[in-house]
Amino acid sequence: MFSIKSPQNYCQLSGIRSQLGDYIAPLSHHIFIVSSPRAWQSVNPELEISLKAAGIHYAVAMLAAECTDEAIATLCEQVKNEGANLVLGIGGGRVLDAAKAVANLVDDLALVTMPTLAATCAAWSPISIIYNAQGGHIRSQPLHHMPDRVLVDSEVIARSDVRYLKAGIVDALAKWYEFQPYQQKDPDSLALDLKALMARQAVDVFKAFGAQAVKDNEQQRVTPALTKVIDACIALAGMANSIRDAQPTPGYAHAIHNRLTYQPELHDWLHGEKVGFSLLVQSHMQYPDGEPDAELLALLHQYGAPLTLAPLQGDRSATIQAIAREVKFSIASAERLPFEISPSALERALRATDAG
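Since we're looking at a predicted model, the values are computed, not measured. (Residues numbered from 1 in each chain as written. Predicted model: local features only at pLDDT ≥ 70, side-chain atom pairs only at ≥ 80, totals over all residues. Heavy atoms only, no water.)

**Q** I tried to follow the UniProt feature "domain: Alcohol dehydrogenase iron-type/glycerol dehydrogenase GldA" (unreviewed entry) in the protein chain on my own but got confused; where do I start?
**A** Mapped onto this numbering, the UniProt entry gives "domain: Alcohol dehydrogenase iron-type/glycerol dehydrogenase GldA" (unreviewed entry) at residues 7–153. Helix and strand shares over residues 7–153 are 32% and 29% respectively, and the end C-alpha atoms of the span are 17 Å apart. (UniProt positions renumbered as here; feature names shortened; annotations may be inferred. Helix = DSSP H or I, 4+ residues; strand = E, 2+ residues; numbered from the N terminus.)

What follows is the structure, given as structure tokens:
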């Protein structure tokens, strides 16, 4: 038995922000919006005009820092005080994760997510990532309430910094490189086959259209290539991440990523950039000769993922050793992967990236 958690509706449309009221009105006329200053600016004035035209009352809260338990608790109180019956998340991953968390904690609250970046699959993903105030990963919180709508404005994403699209591509292709190894020891799992199928389709989209999509994003043009890549980053990656059965298949590269969030020197790396470096580390561990997968390495090069750690404070060797020792990954999941998962193996792989 397995489950698929998915939004009720996914819609990508250039300029959809100017029609948002039409999509929200059937669900609610009293909404609470979670956004960030940059994201809010990117969708307005068109979005506010549309909400007002549809007769929708709204209040806006800006998430100025990380998606923390404290920030979520504050937002929950604000929603209750406002009396809204729908929460709309507009922004990047941390904003959408906060909005999703609020919808899962407040009863009878509809949920709509509107990503302004294609940097992650957070608009669709069935988890909220919770951080501490310094940006360190605390946990991935499973959600029971998925979005009623995922609304993607490709025009807004086309106007965003291309670095976010590149990071989103790397984060999405990670699903294939993290899920596929589990198939070697578990070839008869339908859920795993479906996860890998969705993940591989995303990789194929990036190989066929990724280069053109990056050029189009740089020129701020909405094109078929860019829309295909946006869908792969959000919908295909989100779908792959939404299929679950009794045997968990956590991504090992994401586990490495989670520890890297505690390195202050890496705080300027985007989520997908940390994941890309972690994929390279995993690939060094996966192959007996220590040489990373050639296809993966080419994709990481193409999309600008960092291939070695930034300069680290203090004793670099001791810090690398500490990172390897402190990555958290369950023994049960490690036993389902076809390569050694241990602090010593991870340390060797981290040092291999230093050696180039």
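That covers the picture; the talk isn't over yet.
**Q** Just checking my understanding: could you explain the UniProt feature "binding site: glycerol" (unreviewed entry) in the protein chain for this structure?
**A** Those residues carrying the UniProt feature "binding site: glycerol" (unreviewed entry) are Asp171, His254 and His271 in this numbering. Spatial clustering of the annotated residues is evident: they stretch over 101 residues in sequence, but the largest pairwise C-alpha distance comes to 9.5 Å. With respect to the helices and strands, the residue Asp171 is situated in helix α7 (residues 162–185). Apart from the residues within four sequence positions on either side, Asp171 is in contact with Ala119, Thr120, Cys121, His254, His271, Gly272 and Val275. Mapped onto the elements of the fold, His254 is located in helix α10 (residues 252–260). For His254, a relative accessible area of 18% translates into the label buried. Sequence-distant contacts of His254, defined by excluding residues within four places in its chain, comprise Asp171, Ala174, Lys175, Glu178, His271 and Val275. (Contact = heavy atoms within 4.5 Å. Buried < 20%, exposed > 50% of the residue type's maximum accessible area, 1.4 Å probe, protein only.)

**Q** For this particular structure, what's the right way to read the pairing of strand β7 (residues 127–131)?
**A** Within a regular strand, the side chains alternate between the two sheet faces. Most of β7 sits out of view: five of its five residues are buried. Residues Ile127, Ile129 and Tyr131 of β7 are buried on one face, and the alternating residues Ser128 and Ile130, pointing to the opposite face, are buried as well. Linking β7 back to strand β8 (residues 137–142) in an antiparallel pair, the connection comprises five residues, with Gly135 at a positive phi of about 95°. (Pairing = 2+ DSSP bridges.)

**Q** In this structure, what is going on with the nonpolar core? I would like to understand it.
**A** What tends to happen in soluble globular proteins is that the nonpolar side chains get buried as a cluster. Counting 46 residues, the largest nonpolar core has Leu165, Ile169, Leu173, Phe206, Val229 and Leu279 as its most contacted members. Only β9 (149–152), α6 (154–158), α7, α8 (190–218), α9 (224–242), α11 (271–286) and α12 (294–302) provide two or more residues apiece to this core. Broken down by element, this core gets its largest block of residues, ten residues, from α7. Counting the residues that make up this core, at least three belong to each of domain 1 (2–158) and domain 2 (162–353). (Core = buried A, V, L, I, M, F, W, Y, C linked by side-chain atoms within 4.5 Å. Domains from an automatic or database assignment.)

**Q** Any chance you could explain the sheet that holds strand β6 (residues 110–115) here in plain terms?
**A** By way of backbone hydrogen bonds, the strands of a sheet pair with one another, either parallel or antiparallel. Pairing in this open sheet of six strands is parallel, and the strands run β2-β9-β6-β5-β3-β4 from one edge to the other. For this open sheet the edge positions go to β2 (10–12) and β4 (57–62), each flanked by a neighbour on one side alone. The mean angle between the axes of side-by-side strands here comes to 20°, regardless of whether they run parallel or antiparallel. Examined bridge by bridge, β6 and β9 share two bridges and lie parallel to one another. The residue bridging Val112 from the neighbouring strand is Arg149, located in β9. Each of β3 (30–35) and β4 is contacted by helix α4 (residues 69–82), which is oriented at about 155° to β3, the strand it contacts most. (Axes fitted to C-alpha atoms, helices over the stretch in contact; angles between N-to-C directions.)

**Q** I would appreciate a short explanation of the layout of surface pockets in the present structure.
**A** Empty space left among the atoms is revealed by rolling a probe the size of a water molecule over them. In this structure, the second largest pocket spans a volume of roughly 170 Å³. Lining of the second largest pocket is provided by Asp69, Ile72, Ala73, Ala101, Asn104, Leu105, Ile130, Arg139, Gln141, Pro142, Leu143 and His144. Residues of the lining of the second largest pocket, tallied by class, amount to seven nonpolar, three polar and two charged. (1 Å grid on protein atoms, 1.4 Å probe; cavity = no way out; pocket = protein on both sides within 12 Å on 5 of 7 lines; lining within 4 Å. Points joined across faces, edges and corners; volume = space filled by probe spheres on them. Nonpolar A, V, L, I, M, F, W, Y, C, P; charged D, E, K, R; others polar.)

**Q** Could you clarify how one ought to interpret the pattern of salt bridges in this entry?
**A** Where charged atoms of side chains with opposite charge meet at close range, the side chains can pair. Applying the stated criterion across every chain, the model contains 18 salt bridges. Between Lys100 and Asp97 there is a salt bridge, with its nearest N and O atoms 3.3 Å apart. In this pair, Lys100 and Asp97 both sit in helix α5 (residues 93–105), three residues apart, roughly one turn of the helix. You'll find Lys100 and Asp97 in the same group, each marked buried. (Salt bridge = Lys/Arg side-chain N within 4 Å of Asp/Glu carboxyl O.)

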